[in-house]
Amino acid sequence: MSGSLSGEQVASFGEDGFLFPLRVASSEQTAAWCDEIESFERRWRDDPGLPRPFVDYTRANFHIVSVVAARLAHQNAILDAVESLIGPDILCWMAELIVKEPQTSKLLSVHQDLTYWGLNGADGLVTAWLALSDATVANGAMRFVRASHLRGQVVHRDTFDENNLLSRGQEIVVDFDPDDLVDVELQAGEMSLHHGLMFHGSGANGTDGRRIALVMRFVSPAVAQTVGARDFAMTVRGVNRSNHLLSTPVPFADFTPSALALHAEITAAQEAPLAANATDQLCYGR
C-alpha cells in the first residue's frame, strides 16, 4: 500500500508532474468503498429535499456533505504520499465524485486544473485521483502531458461544449508533443497524483461499465485564494495555519442541514473565481 514517497518518486513527480500507479487499498476494500458510494447515489440522487441538483453536491465539495467522501480524504495511505510532496499540514480544498456512465460521449478537454480556481502556490497543491473502478483507455482514463507543468500557466479557451464535463469546457490553446502523452490506466484501489499545472484530459467511456473516481485536491496552508473574497478547506492532517482558507468541519452524517448550508456558502464564495473572465474567446487562466 502507498505510504511516504521515496526520494526517487518525489524527484520523478518534480520532473514529470505526475506519479502513478500508487496502490492505496486492496481490491476488497475498494469494492466496499465503491458500494458505499453507489448506495449514496441511489439514496440521494432523486431526493426532493435537496435544495440543488444532486450533481452539484457530488461534483464540487462532495466532502462537505458526504461522510464517505470525507473519510476517504482522511485515508493515511493517501495522505502519506501527499505529505511527501506538500508537507505535514494538509487541507482538502475540494473533493469531487467523477463518474463516466457507460457508453457516454462525455469527456474532459486538455486543461490545467488551476486555470480558474483563483488559488496561488501551485507547488503547494496536488490532486489525488482515486480509482474506485478500473480506469482504462477504453472507459476514458486520464491522459497526462509529461513535464507540461514546467511551462507554467498557459492560455485557455472556454468552449462550453455540452459533452465536456468541465464547468466551462476549458481547453489549452498551446501546442504540445503528442509523444509526451501518457495514458493513466489504474486498477481499482490505485491512485495517481498530479501537479495543478499539469496538462491533462480524458476521453469518452465506450464500455458497458461505469468509470468511478473520487478526486481530492489537497493544499498546504500556504496556498491562498487570490480572486474570491474568501475560501474554505477541511483539515485532514496536521494544522490549518492558513490566514486565507477557513476551516470546515468533518460531516457526521450525509446531507445534514448544517452541511447543506455550509455547502451553499462555499459554493457562493467560489463562484467569483470560477466565473472570472468567462468567455468564448482566448483568456488567461487565473
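Residues numbered from 1 in each chain as written. Predicted model: local features only at pLDDT ≥ 70, side-chain atom pairs only at ≥ 80, totals over all residues. Heavy atoms only, no water.

So, the packing of aromatic side chains
The full count for this structure, using the stated rule, is 10 aromatic pairs. Plain terms: the ring middles of Phe-18 and Phe-20 are 5.9 Å apart, the flat faces sit at 45 degrees to each other, and that makes the pair tilted. Look at Phe-18 and you get buried, because its relative accessible area is 5%. Residues Tyr-57 and Phe-255 carry aromatic rings whose centres are separated by 5.2 Å and whose planes lie at 85 degrees to one another, so their mutual orientation is edge-to-face. Within this pair, whereas Tyr-57 is found in helix H3 (residues 54-58), its partner Phe-255 is found in the loop between strand S13 (245-247) and helix H7 (257-275), the two being separated by 198 residues in sequence. Across the pair, exposure class does not vary: Tyr-57 and Phe-255 are buried alike. Put simply, the rings of Phe-40, Trp-44, Phe-54, Tyr-57, Phe-62 and Phe-255 touch in pairs and so form one group of aromatic residues. Here the basic side chain of Arg-43 rests over the ring of Trp-44, its NZ or CZ set 3.8 Å away from the ring centre. (Phe/Tyr/Trp six-rings, centres within 6.5 Å; stacked < 30°, edge-to-face > 60°. Buried < 20%, exposed > 50% of the residue type's maximum accessible area, 1.4 Å probe, protein only. Helix = DSSP H or I, 4+ residues; strand = E, 2+ residues; numbered from the N terminus. Lys NZ or Arg CZ within 6 Å of the ring centre and 35° of its normal.)

Here we look at the nonpolar core
Counting residues in hydrophobic clusters, the biggest one holds 53 residues, and the most contacted among them are Ile-78, Leu-130, Met-191, Leu-193, Met-216, Phe-218 and Phe-255. Top element by residues in this core is helix H6 (residues 76-86). It accounts for seven residues. (Core = buried A, V, L, I, M, F, W, Y, C linked by side-chain atoms within 4.5 Å.)

A closer look at the sheet that holds strand S10 (residues 200-202)
Judged by pairing direction, the sheet is antiparallel, and its four strands sit side by side in the order S3-S10-S5-S8 without closing on themselves. Of all strands in the sheet, those with a lone pairing partner are strand S3 (108-111) and strand S8 (181-184), marking the two edges. Across the sheet, the mean angle from the axis of one strand to that of its neighbour is 20 degrees, orientation sign disregarded. Where S3 lies against S10, two bridges are found, and the strand directions are antiparallel. Following the sheet pairing, Leu-108 is matched in S10 by Ser-202. (Pairing = 2+ DSSP bridges. Axes fitted to C-alpha atoms, helices over the stretch in contact; angles between N-to-C directions.)

What about H6?
Three- or four-residue spacings in an α-helix give side chains the same orientation, since the helix completes a turn every 3.6 residues. Those residues of H6 lying buried are Ala-77, Ile-78, Leu-79, Ala-81, Val-82, Leu-85 and Ile-86. Where H6 ends, the next residue or the one after it, Gly-87, has phi of about 105 degrees, a positive value.

Quick word on the environment of Arg-230
Mapped onto the secondary structure, Arg-230 falls in the loop between strand S11 (211-219) and strand S12 (231-237). Judged by relative accessible area, Arg-230 falls into the partly exposed class, the value being 38%. A polar contact of 2.9 Å, which involves the side chain of Arg-230, links it to the side chain of Glu-265. (Polar contact = N/O pair within 3.5 Å; in protein donor to acceptor, adjacent residues only side chain to side chain.)

Points about the environment of Val-219
As for its position among the elements, Val-219 is in strand S11. In this structure Val-219 comes out as buried when scored by relative accessible area, which is 0%. Placed 191 residues apart in sequence, Val-219 and Glu-28 show a C-alpha to C-alpha distance of 29 Å. Apart from residues lying up to four places away in sequence, Val-219 is in contact with Ile-86, Asp-89, Ile-90, Leu-91, Trp-93, Gly-124, Leu-125 and Leu-245. (Contact = heavy atoms within 4.5 Å.)

What about unusual backbone geometry?
Look at the link from Phe-20 to Pro-21: it is a cis peptide, with omega at -10 degrees. Position of Pro-21 among the secondary structure elements: in strand S1 (residues 18-23). The backbone of Asn-61 sits at a positive phi, close to 60 degrees, despite the residue not being glycine. As for its placement among the helices and strands, Asn-61 is situated in the loop between H3 and helix H4 (62-65). Asn-61 sits in the buried class, given a relative accessible area of 1%.

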